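# Tertiary structure, described
Read off the chains here:
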Amino acid sequence: MPPTTANPSARHKQLLEAAYDYALAHGLADLSLRPLAEAIGSSTRVLMFLFGNKEGLVRALLERARTEELALLAHLRQHDRPVGLVAAAEQVWTWLAADEHRPLLRLWAEAYARSLVEPNGPWAGFARSTVEDWLDVLAACQPQPDRESEEGAVRRTLTLAVLRGALLDLLATDDEHRVTAAVHRQLALLHWDERSGT
């Protein structure tokens, strides 16, 4: 990757944002530099200079998507005391279920799936990093005794599995009412499980 990306210029940032908006609208599967460059008012030569090649650009786009995801997750850490796993999951689901986030989440789902079947491409490590990011934030939302226990790790893994599975269902069907009801039912069970200490 070119050294300019270590300390990106204003033009680099501008083109990355434009390319990110393009990727949100069109996905990454058939991304081609020439149509992308035309759509964002640049050239393939400039994109190659700034990002090295198509893989470098895809990596930059995935990192940009991850930055947006982490901004949401960081919000959950900004409390004087842990909000608790169920409260955190409810906030996350509200964000995930919002219509305006569907383009980002479709991009996330595409990159997640690609990283599983093309582990050596620009997607390498994306799925694993996403899981680790989310588990880390969910852990920070748990009271310390839960956070450090094996049972606490199981609960946050279950919570993540529910959110991720529900998200994929929502992206596939757009049936927000049904999926949200299922998420709330599962979170109610998790809340009861936490309170009973089982």
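Below or above, wherever it landed, is the structure these notes cover. (Residues numbered from 1 in each chain as written. Predicted model: local features only at pLDDT ≥ 70, side-chain atom pairs only at ≥ 80, totals over all residues. Heavy atoms only, no water.)

## A look at helix H9 (residues 150-173)
Applied cut-off: Runs of H or I in DSSP of at least four residues are treated as helices and runs of E of at least two as strands, each being numbered from the N terminus. Helix span, expected: 1.5 Å multiplied by one less than the number of residues in the helix. Burial status follows relative accessibility: with a 1.4 Å probe on protein chains alone, a residue under 20% of its type maximum counts as buried, one over 50% as exposed, and anything between as partly exposed.
For H9, spanning 24 residues, the distance from its first C-alpha to its last is 35 Å, which sits close to the expected 34 Å at 1.5 Å a residue. Buried within H9 we find Gly152, Arg155, Arg156, Thr159, Leu160, Val162, Leu163, Ala166, Leu167, Leu170 and Leu171. Once H9 finishes, Asp174 follows within two positions and takes phi at roughly 60 degrees, a positive value.

## Thoughts on empty space enclosed by the protein
The criterion, for reference: Here a cavity denotes a set of grid points, spaced 1 Å apart and computed over the protein atoms alone, in which a 1.4 Å probe fits but from which it cannot get out, and a pocket denotes an open set meeting protein on both sides within 12 Å along at least five of seven lines; residues with an atom within 4 Å of a point are reported as lining. Grid points are joined across faces, edges and corners, and a volume is the space filled by probe spheres set on the points. The nonpolar class holds Ala, Val, Leu, Ile, Met, Phe, Trp, Tyr, Cys and Pro. Asp, Glu, Lys and Arg form the charged class, and all remaining residues, Gly among them, are polar.
Inspection of the entire model under this criterion finds two cavities of 30 Å³ or more. Here the largest cavity is characterised by a volume of approximately 90 Å³. For the largest cavity, the full set of lining residues is Glu69, Leu96, Leu105, Trp108, Tyr112, Thr130, Val131, Trp134, Leu160, Leu163, Arg164 and Leu167. Of all the elements in the fold, those that place two or more residues in the lining of the largest cavity are helix H6 (102-117), helix H7 (126-140) and H9. Per element, the largest residue contribution to the lining of the largest cavity is four residues, and it comes from H9. As for the second largest cavity, its lining consists of Ala65, Arg66, Glu69, Trp95, Leu96, Leu104, Leu105, Trp108, Phe126 and Trp134. Looking at the lining of the second largest cavity, the elements that each hand over two or more residues are helix H4 (54-75), helix H5 (85-97), H6 and H7. Counted by class, the lining of the second largest cavity contains eight nonpolar, no polar and two charged residues.

## Considerations on the packing of helix H1 (residues 10-26) against H4
As a reminder of what qualifies: Each axis is a line fitted through C-alpha atoms, and for a helix only the stretch in contact is used; angles between axes span 0 to 180 degrees, taken between their N-to-C directions. In this scheme, roughly parallel covers angles under 35 degrees and roughly antiparallel covers those over 145, while 65 to 115 is roughly perpendicular and the rest are oblique. Here a residue-residue contact requires only that any non-hydrogen atoms of the pair lie within 4.5 Å.
Across the interface, H1 lies against H4 with an axial gap of 10 Å and an inter-helix angle of 85 degrees. Between H1 and H4, the angle falls in the class roughly perpendicular. When H1 is examined against H4, the residues Leu16, Glu17, Ala19, Tyr20 and Ala23 are found in contact with a partner set consisting of Leu57, Ala60, Leu61, Arg64, Ala65 and Glu68. Residue composition of the contact of H1 with H4, grouped by class: eight nonpolar, no polar and three charged.

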